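Per-entry structural report
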Amino acid sequence: MTIEFNENGERITKATRFAELRAIAEAADRADLVSFIDREVELLSRKKSSKKENPEREKKVSVIMDCLAKADKPMRVSEILAEFNLNPVEYSNALVSNILNSAVKAGTVVKTTDKKKSYFSLAETEEG
């Protein structure tokens, strides 16, 4: 996928393309195409809004970080689930793994690998 820019150096997005197509469809007096394009733009805006913060997930992130703070050693995902009695319906192995890997990317958690097994611990914070 290539990223395109207009003559002003602004990125051309799907929404930009749909706006151009809508103008063409209106000029051609094609109400059916205008309706279709409006629907696609609505779907794009829904997709953007669904990426907003999820308070339920944030609560789970907080619980998992608290578990890591209480841990005295780096732990595997399965060890975190077992040691802290996390409900397997609410906290699946995949969810905890996803949250921890996101935290690794953010720099709040450290991931170490030993014999193809991943261990997680809170990142050290510098206090001055």
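Parameters at a glance
Residues numbered from 1 in each chain as written. Predicted model: local features only at pLDDT ≥ 70, side-chain atom pairs only at ≥ 80, totals over all residues. Heavy atoms only, no water. Salt bridge = Lys/Arg side-chain N within 4 Å of Asp/Glu carboxyl O. Helix = DSSP H or I, 4+ residues; strand = E, 2+ residues; numbered from the N terminus. Buried < 20%, exposed > 50% of the residue type's maximum accessible area, 1.4 Å probe, protein only. Core = buried A, V, L, I, M, F, W, Y, C linked by side-chain atoms within 4.5 Å. Contact = heavy atoms within 4.5 Å.

With the rule as written, the count across this model stands at 6 salt bridges. Salt-bridge contacts for Arg17 lead to Glu4; the nearest nitrogen and oxygen are separated by 2.7 Å. You can see Arg17 sitting in helix H1 (residues 14–27) and its partner Glu4 sitting in the segment before H1, a full 13 residues away along the chain. The exposure class assigned to Arg17 is partly exposed, which follows from its relative accessible area of 33%. The partner of Glu26 in a salt bridge is Arg22, with the nearest N and O atoms 2.3 Å apart. Taken as a pair, Glu26 and Arg22 lie in helix H1 at a separation of 4 residues, close to a single helical turn. Classification of Glu26 by relative accessible area gives partly exposed; the value is 45%. One salt-bridge network, held together by shared partners, links Glu4, Arg17 and Glu20.

We now examine the nonpolar core. Of all hydrophobic cores here, the largest spans 18 residues; its most connected members are Met65, Leu68, Ile80, Val96 and Leu100. Mapped onto this core, the elements with two or more residues apiece are helix H3 (55–70), helix H4 (77–83) and helix H5 (93–106). Considering every element that reaches this core, the biggest residue donor is H5, with 5 residues. Those residues in contact with Leu68 that lie beyond four places of it in its chain are Ile80, Leu100, Val109, Phe120, Ser121 and Leu122. Membership of the second largest hydrophobic core comes to 5 residues, among which are Phe18, Ala25, Ile37 and Leu44.

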